Amino acid sequence: MATTWVFTEEVAGAPSSTSLEMLTKARSLGGDLAAVYVGTGSPEAFAAVGAHGATRVFHIDPGDALPAAGVTGALAALAAEHEPDLILFGMGFTDRDVAGRLSAALDRPVLANAVDLEVDGDAVTVVSEILGGTQIVKAAFTGPKPWLGIVRPKAFPAEPGDGGDPEVVGVPMGEAGPAVIAARHEEAAEGPQLADANVVVTGGRGIGSAEKWSMVTDLASLLGAAVGATRAVVDAEWTAYSLQVGQTGQTVKPDVYLALGVSGAMQHLVGMKDSGTIIAVNKDEEAPIFEVADLGVVGDVHKVVPALIETLRARG
Amino acid sequence: MKIAVCAKQIPDPATPYSLDPETHFVVRPNDQVLDDTDRYGVEMALQLAEANDAEVVLVSMGPAGNLQGVRQALAMGADKAIVVDDEGLRGSGALVTAKVLAAAIQQEGGVDLVITGTESTDGYTGVVPQQIAALLGLPALSFARKVELDGTTLKVERISATGYDDVECPLPAVVAVTSGAVEPRYPTFKGIMAAKSKPVEQPTAADLGIAADAIGEAGSGQEITSVEDAPSRTAGTKIVDEGEAFQAIVELLEKAKVI
Ligand SMILES: Cc1cc2nc3c(=O)[nH]c(=O)nc-3n(C[C@H](O)[C@H](O)[C@H](O)COP(=O)(O)OP(=O)(O)OC[C@H]3O[C@@H](n4cnc5c(N)ncnc54)[C@H](O)[C@@H]3O)c2cc1C
Ligand SMILES: Nc1ncnc2c1ncn2[C@@H]1O[C@H](COP(=O)(O)O)[C@@H](O)[C@H]1O
């Protein structure tokens, strides 16, 4: 691949983990590799991007504008000047907004949900999963470049290489449009982050109510695990949206994944089926989650989980 | 005021659907349902319309079938529907879909607010809302979990990586709502009856001024090269809890060196 750009959304002051995964993959494709870094930026953040393979960083700081329009304008102008072959985006909020907007601005298709990329000479094929990961679809770009792809989290491991500090090029925002961010709100997350945790304890609607949710957080803290949730749970506001695992939420690959009162809908499975060991507790022996579980317990979470918590507490 | 809501008919997810082995396109039954994620968009449009005395126009692209899914939205309360159905559209990618929807919205005229879902159940690219907005030259307020209309100013809670942002924007605009933003209503008997006589326009892509070579797989700049079964995970041990099953979990956690 002659020139690849990796869209790098800043999350909590650092490059998103998906951007580092994409940079690692893109590095293996050969050719020129640059990052389009969107956020406040810092020497540490740029160094991390450089270590993962970008020799150049185009830095765009959106400030308090809703990023999509202005970042797209800046990126469209950059693309016209440098003519990259492939631009990769992650699944972050700004990532997806800019990928869509840029696709319309440049009149180029965007292939989404990539779990792998196959590059053969000048041809790029995007590999994605459909129907809950039961089928694999390969699609190739056929039109003019640049080609745009959206890559799912954890598609590739993130590994730093021997890259040094990149050249940083400041790029002004394009026309930002009338939408502004009037205020930002942080919803504090305690304990290990979902994306990086070795153990994840996920609760589903089977937990029963917001009051009973503490059974999930208690077990997680005893195991040093991150807490996950199904969409049914975040929609019911038992916990924060950011803990959702699945198609619309996060993709996790921990060593151990515990699913408590989770049915195992297709859209949930795509976010966790590549975990090391999967343990499921569900009172319905026909629940689809059992089809991917290494250990399936047919039982009531209100009996099994408290007994488990008690045993772990007793062990200290 | 006029609100357009983009919503899709899909094969019922409860009945397994298949891909045509030759074209790799989803086989579309005559009976289709309103995409579950789009019920939230329709509900949001209806609530804003009720509070602001607006008309709600449903805009959809894809095989019309017997219009069952579209009638679901009309029964919920949408005033009319535009369904772009054209044999040439089969295999269209997200950008072509957005071009068709944007053209339909433009031809309808006078639209102040476009509402979409965040991602469709079967396509799930999540890019169509921004593409529509860019094509119409509008801002897009995506990942909106709360939407208010204060005169002609939109106020939205937009989910962020670390919490949420309050975003403000004057109309016209596109808003993509998340599921859970509102509680979709069930159609009433009266609504179902009324839906039968609501207008449904069915233009082709050509009627919207879109050339035949700009649509379908060829016009989408992408080509499906293969569809294969994924290697599947095999189920492990299943035990029925008789009071001691937690022990098996403890043992497995020990084996995995978690405890
Ligand atoms: C476009 C789209 C995107 C989506 N994205 C996501 C996503 O990212 N993540 C996600 O999770 N979902 C997603 N969904 C929703 C998904 O389809 C399911 O609706 C959701 O995952 C169900 O959550 P659940 O398993 O908690 O609830 P349910 O399906 O209601 O299952 C609850 C389970 O708990 C069991 N149970 C009940 N009581 C007990 C008890 N006392 N003890 C033990 N077991 C009990 C039941 O047997 C049942 O299996 C998406 C849907 C769409 C259409
Ligand atoms: N064929 C279609 N007809 C109408 N609306 C659509 C269509 N495809 C996508 N949309 C809208 O765009 C949103 C996101 O879809 P997608 O980009 O396919 O994930 C959906 O929730 C719909 O509101």
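Residues numbered from 1 in each chain as written. Chains lettered and ligands numbered in written order. Predicted model: local features only at pLDDT ≥ 70, side-chain atom pairs only at ≥ 80, totals over all residues. Heavy atoms only, no water.

## Focus on the packing of helix α3 (residues 94–108) of chain B against helix α4 (residues 128–136) of chain B
Residues and elements named next belong to chain B.
- One way to put it is that α3 packs onto α4 with a least axis distance of 8 Å and a crossing angle of 50 degrees. The angle between α3 and α4 falls in the class oblique. Handedness of the crossing formed by α3 with α4: right-handed. Each of Ala-94, Leu-95, Ala-98, Lys-99, Leu-101, Ala-102, Ile-105 and Gln-106 in α3 lies in contact with α4, whose residues at this interface are Val-128, Gln-131, Ile-132, Leu-135 and Leu-136.
- A breakdown of the residues in the contact of α3 with α4 according to their chemical character gives 10 nonpolar, 2 polar and 1 charged. (Axes fitted to C-alpha atoms, helices over the stretch in contact; angles between N-to-C directions. Helix = DSSP H or I, 4+ residues; strand = E, 2+ residues; numbered from the N terminus. Parallel < 35°, antiparallel > 145°, perpendicular 65-115°, else oblique. Left-handed = near helix turned anticlockwise from the far one by under 90°. Contact = heavy atoms within 4.5 Å. Nonpolar A, V, L, I, M, F, W, Y, C, P; charged D, E, K, R; others polar.)

## Considering the nonpolar core
- Core analysis: the biggest nonpolar cluster contains 59 residues, and Val-201, Leu-219, Leu-258, Met-272 and Ile-289 of chain A together with Ile-249 of chain B have the highest contact counts within it.
- No other element matches the 7 residues that helix α8 (residues 301–315) of chain A contributes to this core.
- If near-sequence neighbours (up to four positions away) are discounted, Val-201 of chain A is found in contact with Val-216, Leu-219, Ala-220, Leu-223, Ala-225, Ala-226, Val-227, Gly-228, Leu-258 and Leu-260 of chain A. (Core = buried A, V, L, I, M, F, W, Y, C linked by side-chain atoms within 4.5 Å. Buried < 20%, exposed > 50% of the residue type's maximum accessible area, 1.4 Å probe, protein only.)

## Notes on the site of ligand 2
Residues and elements named next belong to chain B.
- Taken together, 20 residues surround ligand 2, and among them Cys-6, Asp-38, Ser-120, Thr-125 and Gly-126 come closest.
- Asp-38 has a polar side-chain atom sitting 2.7 Å from an oxygen atom of ligand 2.
- Thr-125 is positioned with one of its side-chain polar atoms (N or O) 2.7 Å from an oxygen atom of ligand 2.
- When ligand 2 is considered free in solution it has 480 Å² of accessible area, and contact with the protein chains removes 97% of it.
- Sorting the residues of the shell around ligand 2 by element identifies β4 (55–61), α3, β6 (113–117) and α4 as the ones contributing at least two each.
- It is β4 that provides the largest number of residues to the shell around ligand 2, a total of 3 residues.
- Taken together, the residues that form the shell around ligand 2 break down as 9 nonpolar, 8 polar and 3 charged. (Near = heavy atom within 4 Å. Polar contact = N/O pair within 3.5 Å; in protein donor to acceptor, adjacent residues only side chain to side chain. Areas by Shrake-Rupley, 256 points an atom, 1.4 Å probe, with all protein chains shown as cover.)

## Some thoughts on unusual backbone geometry
- Each neighbour pair has its own omega, and for Lys-145 of chain A with Pro-146 of chain A the value is 0 degrees, a cis peptide bond.
- Tracing the sequence through the fold places Pro-146 of chain A in the loop between β8 (135–141) and β9 (147–151).
- With an omega of -5 degrees, the peptide bond running from Leu-171 of chain B to Pro-172 of chain B counts as cis.
- For Pro-172 of chain B, the position within the fold is in the loop between β9 (163–170) and β10 (173–177).
- Of note, the phi angle at Glu-83 of chain A is positive, near 50 degrees, even though the residue is not glycine.
- When its relative accessible area of 61% is taken as the criterion, Glu-83 of chain A is described as exposed.
- If you check the backbone angles, Tyr-124 of chain B has positive phi at about 30 degrees while not being a glycine.
- Structurally, Tyr-124 of chain B can be placed in the loop between β6 and α4.

## A closer look at the interface of chain A and chain B
- Contact residues are listed per partner, giving 81 residues for chain A and 75 residues for chain B.
- At the boundary of chain A with chain B, total buried surface from both sides reaches about 6,700 Å², with 57% on carbon and sulfur atoms.
- On inspection of chain A and its partner chain B, the count reaches 6 salt bridges.
- Its salt-bridge partner being Glu-254 of chain B, residue Arg-315 of chain A comes within 2.7 Å of it at the nearest N-O pair.
- The dominant element in the side of chain A that touches chain B, judged by the number of residues it contributes, is helix α4 (residues 93–106) of chain A, at 8 residues. (Buried area = accessible area lost by both parts, 1.4 Å probe. Salt bridge = Lys/Arg side-chain N within 4 Å of Asp/Glu carboxyl O.)

## Structural notes on the site of ligand 1
- Ligand 1 sits among 28 residues. The nearest are Arg-205, Thr-230, Thr-248, Ser-263 and Gln-267 of chain A.
- Ligand 1 is flanked by residues contributed from chains A and B.
- Within the side chain of Thr-230 of chain A, an N or O atom sits 2.6 Å from an oxygen atom of ligand 1.
- For ligand 1, a nitrogen atom lies 2.6 Å from a polar atom in the side chain of Thr-248 of chain A.
- For ligand 1, whose accessible area on its own is 980 Å², the fraction buried by protein is 84%.
- Elements represented by at least two residues in the shell around ligand 1 include exactly α6 (231–235), α7 (266–269) and α8 of chain A.
- By residue class, the composition of the shell around ligand 1 is 5 nonpolar, 17 polar and 6 charged.

## As for the domain arrangement of chain A
Residue and element names in this part refer to chain A.
- Domain boundaries in chain A define domain 1 (3–170) and domain 2 (194–314).
- Taken over C-alpha atoms, the centre of domain 1 sits 31 Å from the centre of domain 2.
- When the two sides are added together, the surface that domain 1 and domain 2 hide from each other amounts to roughly 880 Å², 48% of it contributed by carbon and sulfur.
- The three residues of domain 1 that bury the most area against domain 2 are Gly-132, Arg-152 and Lys-154, which together make up 58% of that side's buried surface.
- If you look at where domain 1 meets domain 2, you find 1 salt bridge.
- The partner of Lys-273 in a salt bridge is Glu-129, and the shortest N-O contact between them spans 3.3 Å.
- Counting across the domain 1 and domain 2 interface gives 5 residue pairs in polar contact (both at pLDDT 80 or more). (Domains from an automatic or database assignment.)

## Quick look at the sheet that holds strand β8 (residues 153–160) of chain B
- Taken together, the 10 strands give an open sheet; going across it, the order is β11(A)-β9(B)-β8(B)-β7(B)-β10(B)-β6(B)-β1(B)-β4(B)-β5(B)-β11(B), and neighbouring strands pair in mixed fashion. Edge positions in the sheet fall to β11 (180–186) of chain A together with β11 (200–201) of chain B, since each of these pairs with one other strand and no more.
- Bridge count for strand β1 (residues 2–6) of chain B against β6 of chain B is 3 bridges, and the pairing is parallel. Bridging from a neighbouring strand, Val-5 of chain B pairs with Ile-115 of chain B of β6 of chain B.
- Most of the contacts of α4 of chain B go to β6 of chain B, to which it runs at about 160 degrees, and overall it touches β1, β6, β7 (140–150) and β10 of chain B. (Pairing = 2+ DSSP bridges.)

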